[in-house]
Amino acid sequence: MGSTRTYFRTQDRAIGDCPPPRWRSAAGLVSALADAYERGWQPADVMHVTRRTLGASVASTAAAAVLFQARTCRADDRAPADWRAQLARTAAAEPDAARLADAVPPDAGPDDFAAVLDTADRQLDTRDWLDLTVLWLDFPRLTRLCPPPSEWSAVPVSEPAEHPGTPDPKMLARVRGLLAKAEATEFVEEAETFTAKAQDLMTQYAISAALLDADRPRATTVHSRRIHLDNPYVREKVHLLTAIGEANRVRTVWFDRFAIATVVGDALDLDQTELLFTSLLVQATRAMHAAGTVGTAGAGTGGTTTQFRKAFLFGFSVRIGQRLKETDSRATAQVAVDADVRIDDLLPVLAARSAAVDAEFDRLFPTTKAARGRTVDAVGWHAGQSAADAASLSPGERALPR
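Residues numbered from 1 in each chain as written. Predicted model: local features only at pLDDT ≥ 70, side-chain atom pairs only at ≥ 80, totals over all residues. Heavy atoms only, no water.

A. Examining the overall build of the chain more closely. Along its length, the chain carries 16 helices and three strands. Taken across its 402 residues, the chain has 46% of its residues classed as buried. For the chain, the share of sequence-separated contacts (at least 6 apart) that also reach a separation of at least 24 residues comes to 83%. In the form shown here, the chain has an accessible surface area of approximately 19,400 Å², with 53% of it arising from carbon and sulfur atoms. (Helix = DSSP H or I, 4+ residues; strand = E, 2+ residues; numbered from the N terminus. Buried < 20%, exposed > 50% of the residue type's maximum accessible area, 1.4 Å probe, protein only. Contact = heavy atoms within 4.5 Å. Areas by Shrake-Rupley, 256 points an atom, 1.4 Å probe, with all protein chains shown as cover.)

B. Highlighting the nonpolar core. By size, the foremost hydrophobic cluster in this structure holds 46 residues, and its most contacted members are Trp41, Val46, Phe113, Trp136 and Phe139. Elements with a contribution of two residues or more to this core: helix H2 (22–38), helix H3 (43–54), helix H4 (56–72), helix H6 (81–93), helix H7 (95–103), helix H8 (110–119) and helix H9 (126–137). For this core, the element with the highest residue contribution is H4, accounting for 10 residues. Look past the residues within four positions of Trp41 in its chain and what remains in contact with it is Ala36, Val46, Val49, Trp83, Phe139, Pro140, Leu142, Phe258 and Ile260. Among the nonpolar cores identified, the runner-up in size contains 26 residues, and Tyr233, Leu241, Leu281 and Leu324 belong to it. (Core = buried A, V, L, I, M, F, W, Y, C linked by side-chain atoms within 4.5 Å.)

C. Up close: H6. The terminal C-alpha atoms of H6 lie 18 Å apart, and with 13 residues this matches the ideal 18 Å at 1.5 Å per residue to within 8%. What H6 keeps buried is the set Trp83, Gln86, Leu87 and Thr90. In an axial view of H6, the angular spread of the buried residues amounts to 100°, which keeps them on one side of the axis. (Expected span 1.5 Å × (residues − 1). Arc of directions from axis to C-beta.)

D. Expanded view of the packing of aromatic side chains. Counted under the stated rule, the structure contains nine aromatic pairs. Seen from their ring centres, Trp41 and Phe258 are 5.3 Å apart, and the 75° between their planes marks the pair as edge-to-face. Taken together, the positions of Trp41 in the loop between H2 and H3 and Phe258 in the loop between strand S2 (251–255) and strand S3 (260–266) put the pair 217 residues apart, joining distant regions of the chain. A centroid spacing of 5.2 Å and a plane angle of 85° characterise the contact between Trp83 and Trp152, whose relative ring orientation is edge-to-face. Note that Trp83 is positioned in helix H6 and Trp152 in the loop between H9 and helix H10 (169–184), a separation of 69 residues in sequence. (Phe/Tyr/Trp six-rings, centres within 6.5 Å; stacked < 30°, edge-to-face > 60°.)

E. Broad picture of the pairing of S2. Judged from the five bridges that link them, S2 and S3 form a sheet pairing that is antiparallel. When the bridges of S3 are listed, Arg251 appears paired with Val264. Between S2 and S3, which pair antiparallel and follow one another directly, the connecting turn spans four residues, one of which, Ala259, has a positive phi of 55°. (Pairing = 2+ DSSP bridges.)

F. Spatial organisation of the side chain of Asp271. Position of Asp271 among the secondary structure elements: in helix H13 (residues 267–291). Ignoring sequence-local partners within four residues, the contact set of Asp271 consists of Pro167, Leu172, Met202 and Arg225.

G. Broad picture of the sheet that holds S2. Reading across from one edge, S1-S3-S2 is the order of the three strands in this open sheet, with antiparallel pairing throughout. Either end of the sheet is taken by a strand with one partner, and the two such strands are strand S1 (222–228) and S2. Adjacent strand axes in the sheet meet at a mean angle of 20°, parallel and antiparallel pairs treated alike. Sheet topology note: the S1/S3 ladder contains seven bridges and is antiparallel. Looking at the pairing, His228 lines up with Ile260 of S3. In the packing of H3 onto the sheet, contacts are made with S1 and S3, and the angle to S1 comes to roughly 20°. (Axes fitted to C-alpha atoms, helices over the stretch in contact; angles between N-to-C directions.)

H. Looking closely at the environment of Val49. Following the sequence through the fold, Val49 ends up in helix H3. For the pair Val49 and Ala59, spaced 10 residues apart in sequence, the C-alpha to C-alpha distance is 9.8 Å. When near neighbours in sequence (up to four residues on either side) are disregarded, Val49 contacts Trp41, Leu135, Phe139, Phe258 and Ile260.

I. Region of interest: unusual backbone geometry. Residue Asn231 is joined to Pro232 through a cis peptide bond whose omega torsion reads 0°. With respect to the helices, strands and loops of the structure, Pro232 is situated in the loop between S1 and helix H12 (234–246). Positive phi is not limited to glycine here, since Arg249 has a value of about 60°. Its location among the elements puts Arg249 in the loop between H12 and S2.

J. Expanded view of the packing of H3 against H9. At a closest axis distance of 11 Å, the pairing of H3 and H9 adopts a crossing angle of 130°. Judged by the angle between their axes, H3 and H9 are oblique. Crossing of H3 over H9 shows right-handed handedness. Residues Val46, Val49, Thr50, Thr53 and Leu54 of H3 pack against Asp131, Leu132, Leu135 and Trp136 of H9. A class-by-class count of the residues in the contact of H3 with H9 yields six nonpolar, two polar and one charged. (Parallel < 35°, antiparallel > 145°, perpendicular 65-115°, else oblique. Left-handed = near helix turned anticlockwise from the far one by under 90°. Nonpolar A, V, L, I, M, F, W, Y, C, P; charged D, E, K, R; others polar.)

In structure tokens:
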């Protein structure tokens, strides 16, 4: 983003000591946001990159603009469900920004938005304001995962409460609750117990859905969503996400510049992958710190603490991916036996889902290329592999389904 920062400074020199009226800046900011949406960006993407690039001091004003723009285009009535969920998370993460957006009168314009910011003493200096506006204007085109606001229907969204491929909210709440307990405890055995229960619940649900599809065939509906990753060790976290996804028929593509991964798969498989990624990342991080730094666990390798930890996470990811694939095969066969269904009747259903995911992935990302391998710290690699073997997928447990 170095060239962008130079552009900001050029703009500062151009305006000198006479910044433009605040309402005009607000109009430009909201317009830049709307244009970014038309290029494939979504609210969570905007907030992730804004925090990553400009820092927390600008995030609240950015969130206020995101929520204000949502009101102007009636997102509550017209936006897709995932878009509305992103707005809700933004409001929850930035409550002050949500209050500011709510204070703007209905059908208000950018000048009213700016007036509310001024009343709240939410003044950014000229450079910060321009940085935020130009950052959004500088966003490149992303692969479109859902219609932008300009293509939303004028009729309020009316979605069925339940449709094929939609996870049961109550089941997901139970899984999240179990994983939250696993992440909160410092005792490895207790964490494994909670994680095993969550895995078993998701396995039973997802394979039951696959069996239902086998009885009532339907075209596989493939979905896409973005997952935002934070420092440190972003690339190693991507390896973990990819390994989990590959074990569950989910394809992953990585946008390195903005630390955004896009995952493509069946709705149940995406939820499963995202939930398991969150939990295993906590386990891996805890195990990494327990293994110590290169000064204790990796002494004599000539490496650094950073190299050790990167290798640890990479080794953990590779081994977890292997174990997920192994246990998934066993779980699929066992559930088929329990349900009195031949495995030969179930496997074609799972294969059809994989084929549909591959076709959609190739359509969305026709020019992707595989990441190249690299040399890693040997001690960290083996420590990570050992930690993965000690993670919560024991041979007696049922793995998450593909």
